[in-house]
Amino acid sequence: MTQLIKPIIIVGTGRCGSTIFHRLLARHPQVMWLSVFSDRYPSNPAVNRWVVTALGNPLFHRLFGGKIQPGECYRFWDAHAYGFSTPCRDLLKEDVTPRMKKQVRLAMESLLTSSRNRMLLKIAGWSRIGFLKEIFEDAKFIHIVRDGRAVASSVLHVDFWRGWRGPQGWGAGMLSPEDQAAWDGTNRSFVALAGIQWQLRTRAMEAARQKIDSKDFFEVKYETFCDQPLETYRQVLEFAELPQSAVFEQHIKEASIKSTSNRWRDDLTAGQQGVLDNLLREDLLRYGYDVTR
């Protein structure tokens, strides 16, 4: 069995551009990743291992690459780390049990091959950095950060957001008194609640990153990635300790990468934009986003 070393874990709030970033990074010839076959056969990693390895063949990839994509694969995670997919708060190192750690590591090691010997994972929502760092002591984290107003707008326009049920039913835990007061101050606006979700997750991300070595955390702004994909991936490969690859760079050059970060200005009313500007101002400024209109 190939030894599991330095897994690469992409984290983000969700609706932050991490999916396209993940799918392109998965084209690197040295990484292994989770596919739909991991969810379908969580106790039989050989199936996923065979499929991902086969996709390295240009003909096989041409035939099936569009249908078999890397994903978060939470059914696979839940089979080995119970409750991983739907925690009501961020998962911490204290939540890891010895049994759970053993199960997850064994499952991941079973996926690797001698050539695809670096595990690439993507987790959205809560960062789970503390939890994952306890399982994978040498893990390397890549945080995809996107303008919180764009994230909030995107969340409002998908059919799986549970915020319409309010904090008592959205699966992210009850609001703190301060966040509850902020939400009440907007007449319990769902636009505001989507913004608060971004706040909660980015602040949990920041708290978690403070507890790990800075050399194991790399931040990528979605907007920069869209404008400079090749340079961004070169930096990412250096951080992740993956070799530069001419074949991989060609995939990036051929990829269609288009930023949708300004779409929120068309999708939200001026009043709704103002709610997010006011609510998220401090956090947006900290990440370098413009809050002037």
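Details of the structure are given in the entry above.
Everything numeric here is computed off the predicted structure, so don't read it as measured data. (Residues numbered from 1 in each chain as written. Predicted model: local features only at pLDDT ≥ 70, side-chain atom pairs only at ≥ 80, totals over all residues. Heavy atoms only, no water.)

Student: What am I meant to see in helix H6 (residues 98-109) here?
Tutor: Helical geometry: 3.6 residues make up each α-helical turn, so side chains three or four residues apart lie on a common side. With 12 residues, H6 extends 16 Å between its outermost C-alpha atoms, agreeing within 8% with the 16 Å of an ideal straight helix rising 1.5 Å per residue. Where H6 is concerned, the buried positions are Met100, Val104, Arg105, Ala107, Met108 and Glu109. Along its buried surface, H6 packs onto helix H3 (45-54), helix H5 (74-80), strand S3 (118-124) and helix H7 (129-135). (Helix = DSSP H or I, 4+ residues; strand = E, 2+ residues; numbered from the N terminus. Expected span 1.5 Å × (residues − 1). Buried < 20%, exposed > 50% of the residue type's maximum accessible area, 1.4 Å probe, protein only. Contact = heavy atoms within 4.5 Å.)

Student: Where do I start with the sheet that holds strand S4 (residues 140-145) in this structure?
Tutor: Backbone-to-backbone hydrogen bonds join strands into a sheet, with any given pair of strands oriented parallel or antiparallel. The parallel open sheet is built from five strands, whose spatial order is S2-S3-S1-S4-S5. The two strands at the open ends of the sheet, each matched to only one other strand, are strand S2 (31-33) and strand S5 (217-221). Geometrically, the sheet is characterised by an average inter-axis angle of 25° between neighbouring strands, direction not taken into account. Note that S4 and S5 share five bridges and pair parallel. Pairing of Val145 across the sheet is with Lys221, part of S5. In the packing of helix H10 (residues 190-209) onto the sheet, the strands contacted are strand S1 (8-12), S4 and S5, and the crossing angle to S5 comes to about 150°. (Pairing = 2+ DSSP bridges. Axes fitted to C-alpha atoms, helices over the stretch in contact; angles between N-to-C directions.)

Student: How should the packing of H10 against helix H15 (residues 270-286) be read in this particular structure?
Tutor: Two packed helices can be described by the angle between their axes and the distance between those axes. Here H10 crosses H15 at 10°, and the two axes come no closer than 9 Å. Relative to H15, the element H10 is oriented roughly parallel. Residues Val191, Ala192, Gly195, Ile196, Trp198, Gln199, Arg203 and Glu206 of H10 touch H15, and the partners they reach there are Gln272, Val275, Leu276, Leu279, Leu280, Asp283, Leu284 and Arg286. Taken together, the residues that form the contact of H10 with H15 break down as nine nonpolar, three polar and four charged. (Parallel < 35°, antiparallel > 145°, perpendicular 65-115°, else oblique. Nonpolar A, V, L, I, M, F, W, Y, C, P; charged D, E, K, R; others polar.)

Student: Explanation requested: unusual backbone geometry in the structure shown.
Tutor: Residues apart from glycine generally show negative phi values, whereas peptide bonds are mostly found in trans. The phi angle at Lys6 is positive, at roughly 45°, despite the residue not being glycine. Along the chain, Lys6 turns up in the segment before S1. A relative accessible area of 27% places Lys6 in the partly exposed class. Positioned with a positive phi, Arg15 is a non-glycine residue whose angle comes to about 60°. Mapping Arg15 onto the fold places it in the loop between S1 and helix H1 (18-25). A relative accessible area of 36% means that Arg15 is categorised as partly exposed.

Student: Hey, could you run me through a nonpolar patch on the surface in this one?
Tutor: On the surface, a cluster of nonpolar side chains totalling about 290 Å² of accessible area is made up of Leu59, Leu63 and Phe64. Structurally, Leu59 is set in helix H4 (residues 58-64). (Patch = residues over 30% accessible without salt bridge, like charges linked within 9 Å, V, L, I, M, F, W, Y side chains within 5 Å. Areas by Shrake-Rupley, 256 points an atom, 1.4 Å probe, with all protein chains shown as cover. Salt bridge = Lys/Arg side-chain N within 4 Å of Asp/Glu carboxyl O.)

Student: For this particular structure, what's the right way to read H15?
Tutor: Between the first and last C-alpha of H15 there are 23 Å, a value that for 17 residues agrees with the 24 Å anticipated at 1.5 Å per step. Along H15, the sharpest change in direction is near 70° and occurs at Leu280. Buried within H15 are the following residues: Gln273, Gly274, Leu276, Asp277, Leu279, Leu280, Asp283 and Leu284. For H15, the secondary structure elements touched by its buried residues are helix H8 (148-156), helix H9 (177-184), H10 and helix H14 (264-267). Within two residues after H15, Gly288 carries a phi angle of roughly 85°, on the positive side. (Bend = angle between axes of the 7 residues up to and from the residue.)

Student: I tried to follow the side chain of Thr232 on my own but got confused; where do I start?
Tutor: Note that Thr232 resides in helix H12 (residues 229-240). When its relative accessible area of 6% is taken as the criterion, Thr232 is described as buried.

Student: Please explain the packing of aromatic side chains as it appears in this structure.
Tutor: Inspection of the entire model under this criterion finds 13 aromatic pairs. Ring geometry for Trp164 against Phe190: centres 4.9 Å apart, planes inclined by 50°, an arrangement best described as tilted. Linking Trp164 in the loop between H8 and H9 with Phe190 in helix H10, this pair joins segments that are 26 residues apart in sequence. Judged by its relative accessible area of 31%, Phe190 is partly exposed. Site record: aromatic cluster; members linked through ring pairs are Phe21, Phe225, Tyr233 and Phe248. Of note, Arg40 hangs over the ring of Phe37, and the distance from its end group to the ring centre comes to 5.3 Å. (Phe/Tyr/Trp six-rings, centres within 6.5 Å; stacked < 30°, edge-to-face > 60°. Lys NZ or Arg CZ within 6 Å of the ring centre and 35° of its normal.)

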